[in-house]
Amino acid sequence: MTDTDVVPAVPAGRAKTPPDRRRRAWTVTALLVVFMMVNFADKSVLGLAADPIREDLGLSASAFGLANSAFFLLFSVCGAAVGLLADRVRPKWLLLTMAVLWSLSQAPLVLGGGLAVLVTSRVLLGAAEGPAFPVAQQTTLSWFPDRRRNLPGALIVLGITLGVLVAAPVLTWVIHQHGWRTAVAVVAVAGAVWALLWIPFGGEGPYAAVRDDETPAPVPADGPDTGMGLDTGAGSVPGAGPVPGGRSVPGAGSDADRAAEGAAAVKSATGTGGAARGTPYRRILATRTWIGATAAYFGTYWVIAFCLVWLPSFLHDGLGYSSAASARLLMLVWGLSGVVVLGQAGVTGWLLRSGVSSRRARGGVGGVLLLIAAAACLALPAAPAGATTVVLLVAGFGCAGAMGSVAATTVAELAPADRRGGALGIMNAVVTTAGLIAPTLVGHLVDTHGTAGYREALLITGVLLLLGGTAAVTLIDPARDARLLSARHSGPLAPDHDSPLQPV
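Residues numbered from 1 in each chain as written. Predicted model: local features only at pLDDT ≥ 70, side-chain atom pairs only at ≥ 80, totals over all residues. Heavy atoms only, no water.

Participant: Teacher, can you tell me more about the overall build of the protein chain here?
Facilitator: Tallying secondary structure elements over the protein chain gives 21 helices and 0 strands in all. Looking at the protein chain as a whole, 57% of its 504 residues are labelled buried. Excluding contacts between residues fewer than 6 apart, the proportion of contacts in the protein chain whose partners are at least 24 apart in sequence is 82%. Carbon and sulfur atoms form 67% of the exposed surface of the protein chain, whose accessible area is close to 19,300 Å². (Helix = DSSP H or I, 4+ residues; strand = E, 2+ residues; numbered from the N terminus. Buried < 20%, exposed > 50% of the residue type's maximum accessible area, 1.4 Å probe, protein only. Contact = heavy atoms within 4.5 Å. Areas by Shrake-Rupley, 256 points an atom, 1.4 Å probe, with all protein chains shown as cover.)

Okay, structure coming up:
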């Protein structure tokens, strides 16, 4: 290897992210936060309108439960399938298609129909919403280098909380004033409006078509994307020599980011980098990091499903709170969840910038939050009524939410760019089975044991969080597993026109 085969690992000059690209990155992130808000408003509208729907359509509790379960019939399968597709088709168009389908699938309910229309609508809506979270995360993270991904990744998770917090009062008012079909129309229109905004302003970032070494490729030229590529003037590495393929590595961020990228480019060119392009999915899914992140995130999604479907009933029937007090406690739980998500992003980002490994900054922080939530849930059934119950309840359900962001950024760090969508999509498909299992199991326990069934459900939730937290702390280590994947990957890298580094 000659002196001109790689670029210097440490940049010689000072460079900053171009302001126009920084604005674009946060604009796309904001749009995707709203995307997740609409996503969870769609999920919650049926629960908020449960009594009016049952009365209007003459449904039994079992029939209404069927309609709720129908949502998850294709949810996980489509999440995995579209996640894999996102490695081959631009996520911009996948997200646009999803939003349009959300609106179209709910249109028949606005116009009329009974149980058959309701079930069909929910099946189609679930199929279209299954891939939403992994593809939104993949698109958001494509605008930021690894060490800067924690906040934008957390904001996507925060969209879930904001969706519930905004949808609950707004849609409840619409249901009471104008009927449940109007509420369905409101969320359908919200999805259509988002799609219209996404067409001109959405898109993938400079890290969407890159190698695992995080060296950015140009932003796709597509309407507003044109001219939003990487700065090759002041933002380039001064004195950088040519790299294989005849192109220089452009600048992509702050001095710290660029130094890391330069070092990563050297490792990639010398064969000592992380997971290589073309690494088989089966090897990524067999890593301890992917398994640990998925197990931990499963516990988080179990809590989300519990909160959406059964927490209001638990507060009212199990703990004896009034409807108004239950609503306030729900807002407190979701509000704390949002604070924890942002706090985790801040702490993890600070640790990564301080040189702490992802094993501790992501797996450690996320795992400890799950262990705190587990301890609270396990203690809750034996706690005396009153303030202690409230504190344990809010801590147990509020501290579990941050793992969604941790899992997404961890898998994005582990997987090479051309396998990132599939790795995230399959993870999401596995964890969202909790949305199918949890409501059914809790309902069975309540039917069988009355209010005591809630206590058993809390113990099961605590055990799942304990297992998930332990898995996060002990298994997550993206750097270790990236090295193992790289060592096992044989043969030269296939040429890729999207990558700034090409094999000789």
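Still more to cover.
Participant: I would appreciate a short explanation of the nonpolar core in the present structure.
Facilitator: General note: in soluble globular proteins, nonpolar side chains tend to be found buried as a group. Of all hydrophobic cores here, the largest spans 108 residues; its most connected members are Leu32, Phe35, Leu95, Met98, Leu311, Phe397 and Met427. Once residues lying within four places of it in the same chain are set aside, the contact partners of Met98 are Phe35, Val82, Ala128, Pro131, Ala132 and Val135. (Core = buried A, V, L, I, M, F, W, Y, C linked by side-chain atoms within 4.5 Å.)

Participant: Can you help me understand the side chain of Thr139 in this one?
Facilitator: Summarising the element assignment, Thr139 is placed in helix H7 (residues 132-141). When sequence neighbours within four positions are dropped, the list of residues in contact with Thr139 reads Val28, Leu32, Pro91, Leu95, Trp198, Gly203 and Glu204.

Participant: Hey, could you run me through a nonpolar patch on the surface in this one?
Facilitator: A surface patch of nonpolar side chains, amounting to about 680 Å² of accessible area, comprises Val368, Leu371, Ile372, Leu378, Leu459, Val463, Leu466, Leu467 and Val473. Elements with a minimum of two residues in the nonpolar patch: helix H15 (358-379) and helix H20 (452-475). In terms of residue count, the dominant contributor to the nonpolar patch is H20 (5 residues). Along the polypeptide, Leu378 turns up in helix H15. On the basis of relative accessibility, which here comes to 34%, the residue Leu378 falls in the partly exposed class. (Patch = residues over 30% accessible without salt bridge, like charges linked within 9 Å, V, L, I, M, F, W, Y side chains within 5 Å. Salt bridge = Lys/Arg side-chain N within 4 Å of Asp/Glu carboxyl O.)

Participant: I tried to follow H20 on my own but got confused; where do I start?
Facilitator: Along an α-helix, a turn takes 3.6 residues, which lines up residues three or four apart on a common side. Here H20 spans 35 Å end to end across 24 residues, near enough to the 34 Å set by a 1.5 Å rise per residue. By the burial criterion, the buried members of H20 are Gly453, Tyr454, Ala457, Leu458, Thr461, Gly462, Leu465, Gly468, Gly469, Ala471 and Ala472. The inward-facing, buried residues of H20 abut helix H12 (288-309), helix H13 (311-318), H15, helix H16 (387-398), helix H17 (403-414) and helix H19 (433-449). (Expected span 1.5 Å × (residues − 1).)

Participant: Can you help me understand the pattern of salt bridges in this one?
Facilitator: Pairing between side chains of opposite charge can happen when their charged atoms approach one another. Under the defined criterion, the tally for this structure stands at 8 salt bridges. A salt bridge links Lys43 to Glu129; the nearest nitrogen and oxygen atoms lie 3.4 Å apart. Highlighted residues: Lys43 in helix H1 (residues 19-48) and Glu129 in helix H6 (residues 115-129), separated in sequence by 86 residues. Taking the relative accessible area as the measure of exposure, Glu129 reaches 1% and is therefore buried. Through salt bridges that share partners, Asp146, Arg149, Arg362 and Glu413 make up one connected network.

Participant: Just checking my understanding: could you explain helix H18 (residues 420-431) for this structure?
Facilitator: A rise of 1.5 Å per residue sets the reference length of H18, with its 12 residues, at 16 Å; its end C-alpha atoms lie 17 Å apart and thus fit the reference within 8%. With 11 of 12 residues buried, H18 is to be regarded as a mostly interior element. When we look at burial in H18, the residues that qualify are Arg420, Gly421, Gly422, Ala423, Leu424, Gly425, Ile426, Met427, Asn428, Ala429 and Val431. The secondary structure elements touched by the buried residues of H18 are helix H4 (75-85), H7, helix H11 (281-285), H12, H17 and H19.

Participant: How do you make sense of the environment of Thr287 when you look at a structure like this?
Facilitator: Mapped onto the fold, Thr287 is located in the loop between H11 and H12. Residue contacts for Thr287: discarding those within four places in its chain leaves Leu414, Asp481 and Leu485. A distance of 3.2 Å separates a polar atom in the side chain of Thr287 from the backbone nitrogen of Trp290. (Polar contact = N/O pair within 3.5 Å; in protein donor to acceptor, adjacent residues only side chain to side chain.)

Participant: Is there a simple way to explain the packing of helix H5 (residues 91-111) against H7 in this structure?
Facilitator: Two numbers describe a pair of packed helices, the interaxial angle and the distance between the axes. Closest axis-to-axis distance for the H5/H7 pair is 10 Å, and the angle between their directions is 145°. Between H5 and H7 lies a crossing of left-handed hand. In this structure, H5 contributes Pro91, Leu95, Met98 and Trp102 to the contact, and H7 contributes Ala132, Val135, Ala136, Gln138 and Thr139. Here the residues of the contact of H5 with H7 sort into 7 nonpolar, 2 polar and no charged. (Axes fitted to C-alpha atoms, helices over the stretch in contact; angles between N-to-C directions. Left-handed = near helix turned anticlockwise from the far one by under 90°. Nonpolar A, V, L, I, M, F, W, Y, C, P; charged D, E, K, R; others polar.)

Participant: For this particular structure, what's the right way to read the environment of Arg488?
Facilitator: Along the chain, the position of Arg488 falls in helix H21 (residues 478-488). Arg488 sits 212 residues away from Ala276 along the chain, and the two C-alpha atoms are 9.8 Å apart.

Participant: Looking at this structure, how should I read the packing of aromatic side chains?
Facilitator: When we look at a pair of aromatic rings, we describe it by the centre distance and by the angle of the planes. According to the stated counting rule, one finds 10 aromatic pairs in the structure shown. Each ring, one from Tyr297 and one from Tyr301, has its centre 6.4 Å from the other, and the planes form 80°; the classification is edge-to-face. Note that Tyr297 and Tyr301 are positioned in helix H12 at a spacing of 4 residues, about one turn of the helix. Comparing Tyr297 with Tyr301, the two get one shared label, buried. Members of the aromatic cluster, connected to one another through ring pairs, are Phe35, Trp102, Trp194 and Trp198. For Lys43, the ring lying beneath its charged end belongs to Phe40, and the centroid distance is 4.4 Å. Here the basic side chain of Arg419 rests over the ring of Tyr281, its NZ or CZ set 4.8 Å away from the ring centre. (Phe/Tyr/Trp six-rings, centres within 6.5 Å; stacked < 30°, edge-to-face > 60°. Lys NZ or Arg CZ within 6 Å of the ring centre and 35° of its normal.)

Participant: Explanation requested: the environment of Leu352 in the structure shown.
Facilitator: Its location among the elements puts Leu352 in helix H14 (residues 323-353). Taking the C-alpha atoms as reference points, Leu352 and Arg147, separated by 205 residues in sequence, lie 6.2 Å from one another. If we ignore the near neighbours within four places in the chain, the residues touching Leu352 are Asn150, Ser357, Ser358, Ala361 and Arg362.

Participant: How do you make sense of the packing of H12 against H18 when you look at a structure like this?
Facilitator: Contact geometry for H12 and H18: axes closest at 9 Å, N-to-C directions at 45°. As the angle between them shows, H12 and H18 are arranged oblique. Where H12 crosses over H18, the two elements pack in a sense that is right-handed. Taking contact as the criterion, the partners of Trp290, Ala293, Thr294, Tyr297, Phe298 and Tyr301 in H12 are, on H18, Ala423, Ile426, Met427, Asn428, Val430 and Val431. For the contact of H12 with H18, the residue count by class is 10 nonpolar, 2 polar and no charged. (Parallel < 35°, antiparallel > 145°, perpendicular 65-115°, else oblique.)

Participant: Can you help me understand the side chain of Lys43 in this one?
Facilitator: A relative accessible area of 13% means that Lys43 is categorised as buried. Setting aside chain neighbours within four positions, we find Lys43 in contact with Phe71, Phe75, Arg122, Glu129 and Tyr301.

Participant: Help me understand the confidence of the model for the protein chain in this model?
Facilitator: Low pLDDT means the predicted atomic positions in that stretch should not be read closely. Per-residue confidence for the protein chain gives a mean pLDDT of 79, with 79% of residues at or over 70. Mean pLDDT values over the elements of the protein chain span from 42, in helix H10 (residues 255-270), up to 96, in H15. Within the model, the stretch residues 1-15 combines pLDDT values under 50 with 41 contacts to residues more than four positions away or in other chains. Confidence drops under a pLDDT of 50 for residues 491-504, and excluding neighbours within four residues, the segment shows 35 contacts in the predicted structure. (pLDDT = per-residue confidence, 0-100.)

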